[in-house]
Amino acid sequence: MATDKREGNLDAPTRHPLGQDGPAFYDENALLAEMERVFNICHGCRRCVSLCHAFPTLFDLVDESATMEVDGVAKADFAKVVDHCYLCDLCYMTKCPYVPPHPWNVDFPHLMLRAKAVRYQQGKVRLRDRILTNTDMVGNLAGIPVVAGLVNAANRYRPARQALQQVLGVHADAQLPRYHSRTLQKRMRGHVTVDSAKPAGGTRGRVALFATCYMNRNEPGPGEDFFAVFEHNGIPVVLAGQERCCGMPRLELGDLESIRKARDRNVPMLVELVDQGWDLTALIPSCVLMFKNELPLIFPDDELVKKVAAAFYDPFEYLMLRHKAGLLRTDFKAPLGKVAYHAACHQRVQNIGHKTFDLLSLVPGTTVELIERCSGHDGTYAVKTETFPNAMKLVKPVAERVKRSEPDHYGSDCVMAGHHIEHAVADGREAEHPITLLRRAYGL
């Protein structure tokens, strides 16, 4: 059967570069024509209806139109679909039968990113969204010792949250992160790591941790747990340095120029570490994905970006590679009981398998229930007034799975997803990062 006659795609998906420097990328008419083409394919398929709110939005627009086809949907309403795409990539990697190399060449996330980039270039972005995605600026301000306490107190004070909703459009019921003035960078300053690097399983046995703006300012505890676990396994660990945000929040805004600036700041520093013999990792799956997948697709001709991508690992991927080579310590001291583990979308699309699930399952006296469904958080989607209700709807099946499993522990590699699930479960218990659970199992 000829390739162009196949209904679905029997080949492994391949990803084309974003192509933001092409002549038609920012052409709005060309963009709308491509959106109509792809939306017609999605309308005829509808496999992705359960993934996020973008697809139900599209299908409702079609079904409520005069023609009940995409040509009956006003072009201005295409933006409503874009608003609900947070670039998780799951439709591309797990559902769509028409991704390249299929001749229909459907890349829904990249199309949505292009639409976001066009909108950003046109200045059609709210101040709220510019502020929320400028994590370096917000973190630097909110991390000032006195300011951190005030911000945390205000985030727990109902009248202040209602005012924030009115002024900035941050939903009063959304869970906001805490800020720590004693950051991970400060906590690990002067730390002397182990000196016993041993290459194995494709790893060089020495890891530089990209702290990430979130783990540095908002969640430094799992960073300390990471040091303890990796050094217990004889792996020297250092912090990467004074990095900037990886750029993922600005990517979801369509601000490609900020992505370029973040690359120019982070990549040379990371290349220097790679040249010194360090592998790279981060505790936020979105940050790992940014360096492993997104930057190489945005800057396909940048050899330094490729070098960093080749050296970047998910933390549990790294440990399982060491385990396969016989170098993971299994001297676990404490069983974890039952763990409800949510696999983050940005980890799933890295195509590395269920490494966190596999490793936690090695702990004696531990059973792990795997939950593969989007939490609906996305960093900003779950805090904005207009999308918070959808985020709570998306997380509900995950929260129900956690409740039904009655676990001793639950959490996600994405700490933001974990806290969003925690917000929906609402039983007084906190979500825990898997690296924290692993440290507890080792008794460190």
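Structural notes, computed from the coordinates. Given the structure is predicted, the values throughout are model-derived calculations rather than measurements. (Residues numbered from 1 in each chain as written. Predicted model: local features only at pLDDT ≥ 70, side-chain atom pairs only at ≥ 80, totals over all residues. Heavy atoms only, no water.)

This next bit is on the packing of aromatic side chains. Counted by the stated rule, this structure contains 14 aromatic pairs. One aromatic cluster is present, formed by Phe39, Phe55, Phe59, Phe78 and Phe108 through successive ring pairs. Above the face of the Tyr92 ring, Arg15 is positioned so that its terminal group lies 4.1 Å from the ring centre. Cation over ring: Arg263 sits above Phe299, and NZ or CZ is 4.1 Å from the ring centre. (Phe/Tyr/Trp six-rings, centres within 6.5 Å; stacked < 30°, edge-to-face > 60°. Lys NZ or Arg CZ within 6 Å of the ring centre and 35° of its normal.)

This brings us to the sheet that holds strand 1 (residues 207-209). The sheet built from four strands is open, its strands ordered 2-1-3-4 with parallel pairing. Each of the sheet's edge strands pairs with one partner strand only, and the pair in question is strand 2 (237-239) and strand 4 (312-313). In this structure, strand 1 lies alongside strand 2, joined through three bridges in parallel fashion. Bridging across to strand 2, Ala208 finds its partner in Val238. (Pairing = 2+ DSSP bridges. Helix = DSSP H or I, 4+ residues; strand = E, 2+ residues; numbered from the N terminus.)

Strand order in the open sheet formed by three strands is 6-5-7, and the pairing between neighbours is parallel. The open sheet has two free edges, formed respectively by strand 6 (366-371) and strand 7 (409-412), since each of these has just one partner strand. Within this sheet the neighbouring strands show an average axis-to-axis angle of 20°, counted without direction. Where strand 5 (residues 337-342) meets strand 6, six bridges bridge the pair, whose relative direction is parallel. In the strand pairing of strand 6, Lys338 is matched with Thr367. Against the sheet, helix 20 (residues 388-405) contacts strand 5, strand 6 and strand 7, and its axis sits at roughly 160° relative to strand 6. (Axes fitted to C-alpha atoms, helices over the stretch in contact; angles between N-to-C directions. Contact = heavy atoms within 4.5 Å.)

Bringing empty space enclosed by the protein into the picture now. Evaluation of the coordinates by the stated rule reveals five cavities of 30 Å³ or more. Each pocket or cavity is described by its volume, and for the largest cavity that value is around 140 Å³. Here the residues of the lining of the largest cavity sort into 15 nonpolar, no polar and four charged. Of the volumes computed, that of the second largest cavity is approximately 80 Å³. If you go around the second largest cavity, the residues you meet are Leu51, Cys52, Ala54, Phe55, Cys85, Tyr86, Leu87, Cys88, Asp89, Leu90, Cys91 and Phe108. Mapped onto the lining of the second largest cavity, the elements with two or more residues apiece are helix 2 (54-63) and helix 4 (90-95). Tallied by class, residues from the lining of the second largest cavity come to 11 nonpolar, no polar and one charged. (1 Å grid on protein atoms, 1.4 Å probe; cavity = no way out; pocket = protein on both sides within 12 Å on 5 of 7 lines; lining within 4 Å. Points joined across faces, edges and corners; volume = space filled by probe spheres on them. Nonpolar A, V, L, I, M, F, W, Y, C, P; charged D, E, K, R; others polar.)

With that out of the way, let us pick up the nonpolar core. Judged by nonpolar contacts, the single largest core of 118 residues is most densely connected at Met35, Met112, Phe230 and Leu270. Of all the elements, helix 14 (residues 256-275) adds the most residues to this core, at eight residues. Discounting residues that sit within four places of it in the chain, Met35 has contacts with Phe78, Val82, Leu111, Met112 and Ala115. Grouped together as the second largest cluster of nonpolar side chains are 11 residues, Ala399, Val402, Val425 and Ala431 included. (Core = buried A, V, L, I, M, F, W, Y, C linked by side-chain atoms within 4.5 Å. Buried < 20%, exposed > 50% of the residue type's maximum accessible area, 1.4 Å probe, protein only.)

Note that all results are geometric; they support no functional claim without further evidence.
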